[in-house]
Amino acid sequence: AQSVTQLDSHVSVSEGTPVLLRCNYSSSYSPSLFWYVQHPNKGLQLLLKYTSAATLVKGINGFEAEFKKSETSFHLTKPSAHMSDAAEYFCVVSNSWGKFQFGAGTQVVVTP
Amino acid sequence: SQTIHQWPATLVQPVGSPLSLECTVEGTSNPNLYWYRQAAGRGLQLLFYSVGIGQISSEVPQNLSASRPQDRQFILSSKKLLLSDSGFYLCAWSVTDLYGYTFGSGTRLTVV
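Residues numbered from 1 in each chain as written. Chains lettered and ligands numbered in written order. Predicted model: local features only at pLDDT ≥ 70, side-chain atom pairs only at ≥ 80, totals over all residues. Heavy atoms only, no water.

## Some remarks on the environment of B:Pro14
Residues and elements named next belong to chain B. Note that Pro-14 resides in the loop between strand E2 (10-13) and strand E3 (19-26). Pro-14 sits in the partly exposed class, given a relative accessible area of 43%. Considering only alpha carbons, one finds Pro-14 and Val-112, 98 residues apart in sequence, at a separation of 4.8 Å. Pro-14 has contacts with Leu-81, Val-111 and Val-112, leaving out every residue within four places of it along the chain. (Helix = DSSP H or I, 4+ residues; strand = E, 2+ residues; numbered from the N terminus. Buried < 20%, exposed > 50% of the residue type's maximum accessible area, 1.4 Å probe, protein only. Contact = heavy atoms within 4.5 Å.)

Pasting the structure below:
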């Protein structure tokens, strides 16, 4: 069985400050992990993915995430938030059968 | 390159009316196809997935159905819509778990 928990439903940051979105997972297998972003009334866009290569993964728009097996975590970070980063973010875990489990999402608000 | 098309973008339907949402994928063969629903304030709920023509797996019992008449076509249907069917519907495709999903742009369905 696999599951994913996004620890914060809402995160509010000031423009130019760091962003941290927390994600913990459980999986019986070596998982693949993903972060997606969804802007209002849009589809989901892949930010980055971890597939058992480098544990520090760099994605689009300045985001990166670190896979920590000992902590079963895959937290998403960005050093400096931009107004355009305001969106909902989903952490996703998949198993070898191609089944994907989505987290509940984290809504990010960026204030000027 | 691979692309995914989903239409319509928005739809307002009366209770009891039928529904047909279509999703097509280009640039790949034998993709895994998925329908998700995102209700207001809630995460993504997997409705159906398909690993091949005519092969449909249902994740949640409901008055919706799905069909895959062609390799790269996935249709979500209902004979009689309910108010609770309102939401944002997303089609997605994947090849393997290593690459994650590619999502369509979504359909906002409002049942009135």
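## Points about the state of the cysteines
Should the sulfur atoms of two cysteines be covalently bonded, the bond is a disulfide. A complete count under the given rule lists two disulfides over all chains for this structure. The residue that forms a disulfide with A:Cys23 is A:Cys91, at a sulfur-sulfur distance of 2.0 Å. Sign of the S-S torsion, about -70° for the bond between A:Cys23 and A:Cys91, identifies this disulfide as left-handed. Placement of A:Cys23 in strand E4 (residues 23-27) and of A:Cys91 in strand E10 (residues 87-94) is noted, with a sequence separation of 68 residues between them. When its relative accessible area of 0% is taken as the criterion, A:Cys23 is described as buried. Between B:Cys23 and B:Cys91 runs a disulfide, and the two sulfur atoms are separated by 1.9 Å. Taking the sign of the S-S torsion, about -75° here, the bridge from B:Cys23 to B:Cys91 comes out left-handed. Within this pair, whereas B:Cys23 is found in strand E3, its partner B:Cys91 is found in strand E9 (residues 87-94), the two being separated by 68 residues in sequence. Like B:Cys91, B:Cys23 is buried. (Disulfide = S-S within 2.5 Å.)

## Some details on the pairing of strand E6 (residues 44-50) of chain A
Residues and elements named next belong to chain A. Pairing analysis gives six bridges linking strand E5 (residues 32-38) to E6, with the strands arranged antiparallel. Paired with Leu-33 across the two strands is Tyr-50, which belongs to E6. Counting the residues between successive antiparallel strands, the hairpin from E5 to E6 contains five residues, one of them, Asn-41, with a positive phi of roughly 60°. (Pairing = 2+ DSSP bridges.)

## A closer look at the pairing of strand E8 (residues 64-68) of chain A
All names here are of chain A. Going residue by residue along E8, you find Ala-65 and Phe-67 tucked away on one face and Glu-64, Glu-66 and Lys-68 left uncovered on the opposite face. With three bridges connecting them, strand E7 (residues 56-58) and E8 associate as antiparallel partners. Note on E8: the bridge partner recorded for Val-57 is Ala-65. Hairpin connection between E7 and E8: a loop of five residues separates the two successive antiparallel strands, and Asn-61 in this loop has a positive phi of roughly 60°. Between E8 and strand E9 (residues 73-78), which pair antiparallel in sequence order, lie four residues; one of them, Thr-72, sits at a positive phi of approximately 45°.

## A word on the nonpolar core
Counting 26 residues, the largest nonpolar core has A:Leu21, A:Trp35, A:Leu47, A:Leu48, A:Phe74, A:Leu76 and A:Tyr89 as the members making the most contacts within it. Among the elements that make up this core, the one with the highest residue count is E10(A) (four residues). Ignoring any residue separated from it by four or fewer positions in sequence, one finds A:Leu47 in contact with A:Trp35, A:Tyr36, A:Val37, A:Gly59, A:Ile60, A:Asn61, A:Phe63, A:Leu76 and A:Tyr89. By size, the runner-up hydrophobic cluster in this structure holds 20 residues, among which are B:Leu19, B:Leu33, B:Leu47 and B:Val111. (Core = buried A, V, L, I, M, F, W, Y, C linked by side-chain atoms within 4.5 Å.)

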